[in-house]
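# Observations on the model geometry
Given next are the chains, with one letter for each unit.
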Amino acid sequence: MSSKIVQNMLKSVPFNRLRMSQIRTKATLPPLAFEYKDLEPIISRDIMEIHHQKHHNTYVVNYNNTLDKLQTAVAKDDTATIISLAPALKFNGGGHINHSIFWDTLTPHSTKPSDNLDKALIQNFGSFDEFKKQLAAASIAVQGSGWGWLGFNPQNKKLTVISCANQDPLFPTTGLIPLFGIDVWEHAYYLQYKNVRADYVNAIFEVVNWDAVSKRFAEASA
């Protein structure tokens, strides 16, 4: 998995111990399970197409290019270059990981959280509406660019709302397993919502794929 390289590097595994088989693993742009127009009127076709084909694809291309440089540096035992590549791997690898989760947890169809996820949301936040309020608030409050996340803490088995800056991937950054994230980079909403991030954040709950989020929760809490 391409994400494993990013996770390993963020855990400070010595770069020269990375297996070459890991370094050769390239990222690919995942296809969407729906058409670009299908999330309208919540997210416009133009935003979806540009977001997926341009922005996400750029992370994929840059990540793969950085992997090529890493492979060469590892082969040469060039420690300085290996270390210098870490920020690019984190940013572009995180962008790929975050967006892959994002697409999977959006849908034009009406869905609801599973009974187990619904119970967990109520247990951890008091109610489903309170959970949405907290996730929306965390997402809207991000300074600059970043993500608001619903994550699962594997240590205490609790759900948590948190935000991450830029393209920092949730699990390597915080240890929380990502269940659902709201992209609050301007490219995710500006063409449609202008500078009113709150309107976009509050609207996106209408197209959450709760089946996918519930599946991620079941796997994380198993």
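Let us look at the structure shown here. Bear in mind that the values here come from a model prediction, so they are computed numbers and not experimental data.

## A short note on the nonpolar core
Grouped together as the largest cluster of nonpolar side chains are 51 residues, with contacts concentrated most on Leu106, Leu159, Ile182 and Tyr200. Two domains each donate at least three residues to this core, and these are domain 1 (45–105) and domain 2 (115–221). Residues within four places of Tyr200 in sequence aside, it is in contact with Phe102, Ile182, Asp183, Val184, Ala188, Tyr189 and Tyr193. Core analysis: the next-biggest nonpolar cluster, separate from the first, contains 10 residues, Leu67, Ala73, Ile82 and Leu85 among them.

## Some thoughts on the pattern of salt bridges
As enumerated under the stated definition, the model contains 4 salt bridges in all. Residue Asp68 is joined to Lys26 by a salt bridge in which the shortest nitrogen-to-oxygen separation is 2.9 Å. In this pair, Asp68 sits in helix H3 (residues 45–75) while Lys26 sits in the loop between helix H2 (20–23) and H3, placing the two residues 42 residues apart along the sequence. Take Asp68: its relative accessible area is 32%, and that puts it in the partly exposed class. Of the residues examined, Lys26 reaches a relative accessible area of 37% and is grouped as partly exposed.

## Considerations on the sheet that holds strand S2 (residues 158–165)
Sheet architecture is open: 3 strands sit in the order S2-S1-S3, paired in antiparallel fashion. A strand with exactly one partner marks an edge of an open sheet, and here the two such strands are S2 and strand S3 (177–183). Each adjacent strand pair in this sheet contributes to an overall mean axis angle of 25°, direction not counted. The pairing of strand S1 (residues 146–153) with S3 spans 6 bridges and is classified as antiparallel. The residue bridging Trp147 from the neighbouring strand is Asp183, located in S3.

## Structural notes on the packing of helix H7 (residues 128–140) against helix H10 (residues 197–204)
In contact at an axis separation of 10 Å, H7 and H10 are set at 145° when each is read in the N-to-C sense. Crossing handedness for the pair H7 and H10: right-handed. Seen from H7, the contacting residues are Ala136, Ser139 and Ile140; seen from H10, they are Arg197, Ala198, Val201 and Asn202. When the residues that make up the contact of H7 with H10 are grouped by side-chain class, the tally is 4 nonpolar, 2 polar and 1 charged.

Here is what the cut-offs are and how they apply
Residues numbered from 1 in each chain as written. Predicted model: local features only at pLDDT ≥ 70, side-chain atom pairs only at ≥ 80, totals over all residues. Heavy atoms only, no water. Core = buried A, V, L, I, M, F, W, Y, C linked by side-chain atoms within 4.5 Å. Buried < 20%, exposed > 50% of the residue type's maximum accessible area, 1.4 Å probe, protein only. Domains from an automatic or database assignment. Contact = heavy atoms within 4.5 Å. Salt bridge = Lys/Arg side-chain N within 4 Å of Asp/Glu carboxyl O. Helix = DSSP H or I, 4+ residues; strand = E, 2+ residues; numbered from the N terminus. Pairing = 2+ DSSP bridges. Axes fitted to C-alpha atoms, helices over the stretch in contact; angles between N-to-C directions. Left-handed = near helix turned anticlockwise from the far one by under 90°. Nonpolar A, V, L, I, M, F, W, Y, C, P; charged D, E, K, R; others polar.

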